[in-house]
Amino acid sequence: MFDVIIIGGGVIGCTTARNLARYDLNVALLEKASDICEGQSKANTAIVHGGYDAKPHTLKAKYNVTGNGMFDKVCSELDVPLKWNTSLVAAFSESGIPKLEELKHQGEVNGVHGLSIIGRDEIIRREPNISRSVCAALLVTNGGIVCPYELTIANAENAAENGVRFYRNAPVTKVEKDGGQWRVQSGAGTFTSRAVINCAGLYSDVINNMVSENKFHIKPRRGEYYIIDKSYAGTFNASIFQLPTKMGKGILVTPTVDGTLLVGPTAEDIDDRDDTRTTSGGLAKALKFGSATWEHIPMRDVITTFAGIRAHCDRDDFVIGEAQDAPLFFNAGGVESPGLTSSPAIGEYLADSAAEKLGAKAKKNFNPIRKSIPKFREMTDRERAQAIASDQDYAKIVCRCETVTEAEIRASIRRPVGARTIDGIKRRTRTGMGRCQAGFCTPATIKILCEELGISPLEVTKFGGESKMLDRYLFDKGGGNHA
Ligand SMILES: Cc1cc2nc3c(=O)[nH]c(=O)nc-3n(C[C@H](O)[C@H](O)[C@H](O)COP(=O)(O)OP(=O)(O)OC[C@H]3O[C@@H](n4cnc5c(N)ncnc54)[C@H](O)[C@@H]3O)c2cc1C
């Protein structure tokens with residue numbers, strides 16, 4: 001019996017978990033995948049939006065602006081990389097300038113400060129590599145970039161350190177009221193709780209519609225991207241948007257906090273919520289529209305492509321808060337963009353609302369501080385020597401592209417809510433995220449995972465389920481010993 005069960009371990013569920021850990025409550029988070037951060041929160045543009053784009057008086061506008069203002073504190077407490085690199089919304093013809101004025105006005109109504117329209121010379125001074133056909137741009141000084149998976153994982157680690165229980169491989173199949181409590185059936189067993197918080201992302205409608213007559217429906221909207229190699233770091237400073245369309249914020253070019261660049265995302269309504277395949281058509285579109293901003297996108301330096309699926313809600317807004325007809329059942333439904341930006345505000349609101357309803361008291365010993373795994377690639381020579389002196393595994397580079405050491409990989413497995421898969425290690429350390437895309441480091445990563453978990457290499461998966469890394473026949477033939 002828990003006080004609160006959170007369904008879904010994306011950035012919203014994990015942020016809510018951390019905020020609930022501030023209270024004297026017994027909290028569990030159930031995640032259907034083999035790891036947290038397997039949904040929208042792992043595959044997005046990673047921008048901390050300023051708040052000019054959301055329609056005024058919507059929940060998107062409210063939580064975007066409030067969430068943006070919380071990022072400095074949250075990222076500093078959780079030791080998560082954040083950069084206020086500004087955003088530019090660029091118009092490439094004079095006819096786009098009235099739309100920029102509209103966006104500026106909209107942002108001001110939403111309470112965003114520091115918006116201004118800048119001309120061609122100023123844009124080129126700031127961004128020498130932007131297409132010369134640029135005419136004007138909206139300058140958004142409170143636009144930033146963050147690492148979305150580190151933010152999600154950091155929230156989860158801090159929540160776990162403060163007492164929240166995480167259950168992975170726990171798909172929720174049924175939520176029902178049983179007397180005065182909620183009964184939640186999942187692949188990891190049946191749980192009961194006083195309150196339920198639905199943070200199931202692309203499946204938030206399915207969970208809500210099990211218990212509430214106020215139904216909503218998610219329409220999956222896929223976005224495809226290119227990732228450009230770090231050797232182009234510095235090509236653009238700001239996140240450069242084009243004018244938004246009715247499908248979203250359009251295709252942009254943006255640096256990431258790790259030094260790579262993203263071009264994308266497209267916006268295509270699809271039927272399958274889990275279809276994260278990239279397509280030749282989608283990537284061609286990303287290239288075509290991206291080239292309006294960055295004329296000669298270096299295709300030889302594309303290190304990979306990926307797709308993320310937005311949880312677009314038929315209400316065209318977030319669904320946040322307690323369901324009117326289901327007391328103590330709370331929703332974070334349809335949280336598409338700007339959901340990452342809104343996450344600190346949504347997580348705080350949901351946790352405070354549930355705690356208040358449950359009459360919970362603040363926990364005296366909540367510790368808001370989480371330290372990230374010390375990153376060898378960011379250390380000075382002196383720090384590297386010290387790290388190696390205290391742990392010899394810091395002397396063993398496993399991922400050469402991203403300079404990730406064996407010590408970091410072992411730490412990622414040993415931490416609270418630690419990695420259990422190859423992708424889990426990747427998102428916690430950046431192994432395999434560099435130019436060779438895991439060509440070199442995979443065998444060593446598998447070996448370390450086996451040593452840490454005491455499992456056979458044949459049990460190691462990329463992301464759980466049937467995504468096995470090794471085939472028994474091939475493995476035996478290669479002379480491996482899987483006993
Ligand atoms: C292409 C794209 C670009 C974006 N760009 C930005 C951006 O630049 N800035 C920004 O602010 N926002 C952006 N967003 C939005 C942002 O990524 C999302 O709003 C945010 O990640 C939503 O988090 P979430 O926790 O609600 O959902 P998710 O991250 O999808 O998490 C939901 C979790 O619930 C789990 N789950 C589902 N069903 C069940 C079940 N039955 N039982 C148990 N668990 C379940 C899933 O496995 C998943 O882990 C973008 C989104 C996309 C797709």
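Small disclaimer: the values here were computed from a predicted structure and weren't measured.

(A) Up close: the layout of surface pockets. Roughly 160 Å³ of volume is contained in the second largest pocket. Lining the second largest pocket are Thr15, Arg18, Asn19, Arg22, Met70, Lys73, Val74, Glu77, Asn155, Pro344 and Glu348.

(B) Structural detail: the packing of aromatic side chains. According to the stated counting rule, one finds ten aromatic pairs in the structure shown. A centroid spacing of 6.4 Å and a plane angle of 80° characterise the contact between phenylalanine 2 and tyrosine 167, whose relative ring orientation is edge-to-face. Of this pair, phenylalanine 2 sits in strand β1 (residues 2–7) while tyrosine 167 is found in strand β9 (residues 165–167), placing the two residues 165 residues apart along the sequence. Ring geometry for phenylalanine 236 against tryptophan 294: centres 5.2 Å apart, planes inclined by 75°, an arrangement best described as edge-to-face.

(C) Spotlight on the site of the ligand. The immediate surroundings of the ligand are formed by 37 residues, with Glu31, Ser41, Ile47, Val335 and Thr341 found nearest. Between an oxygen atom of the ligand and a main-chain N or O atom of alanine 46, the distance comes to 3.4 Å. The protein chains hide 97% of the 1,000 Å² of surface that the ligand would expose on its own. At the level of elements, α1 (11–20), β18 (302–313) and α9 (339–358) are the ones that each hand at least two residues to the shell around the ligand. In terms of residue class, the shell around the ligand is built from 19 nonpolar, 14 polar and four charged. The residues that make up the shell around the ligand include at least three from each of domain 1 (2–41 + 149–216 + 315–358) and domain 2 (85–144 + 219–313).

(D) Local environment of the side chain of serine 467. Mapped onto the elements, serine 467 comes out in the loop between α13 (442–453) and α14 (472–477). Setting aside residues no more than four positions away along its own chain, serine 467 makes contact with Val460, Thr461 and Lys462.

Parameters at a glance
Residues numbered from 1 in each chain as written. Predicted model: local features only at pLDDT ≥ 70, side-chain atom pairs only at ≥ 80, totals over all residues. Heavy atoms only, no water. 1 Å grid on protein atoms, 1.4 Å probe; cavity = no way out; pocket = protein on both sides within 12 Å on 5 of 7 lines; lining within 4 Å. Points joined across faces, edges and corners; volume = space filled by probe spheres on them. Phe/Tyr/Trp six-rings, centres within 6.5 Å; stacked < 30°, edge-to-face > 60°. Helix = DSSP H or I, 4+ residues; strand = E, 2+ residues; numbered from the N terminus. Near = heavy atom within 4 Å. Polar contact = N/O pair within 3.5 Å; in protein donor to acceptor, adjacent residues only side chain to side chain. Areas by Shrake-Rupley, 256 points an atom, 1.4 Å probe, with all protein chains shown as cover. Nonpolar A, V, L, I, M, F, W, Y, C, P; charged D, E, K, R; others polar. Domains from an automatic or database assignment. Contact = heavy atoms within 4.5 Å.

Any functional reading would require information that these geometric values do not contain.
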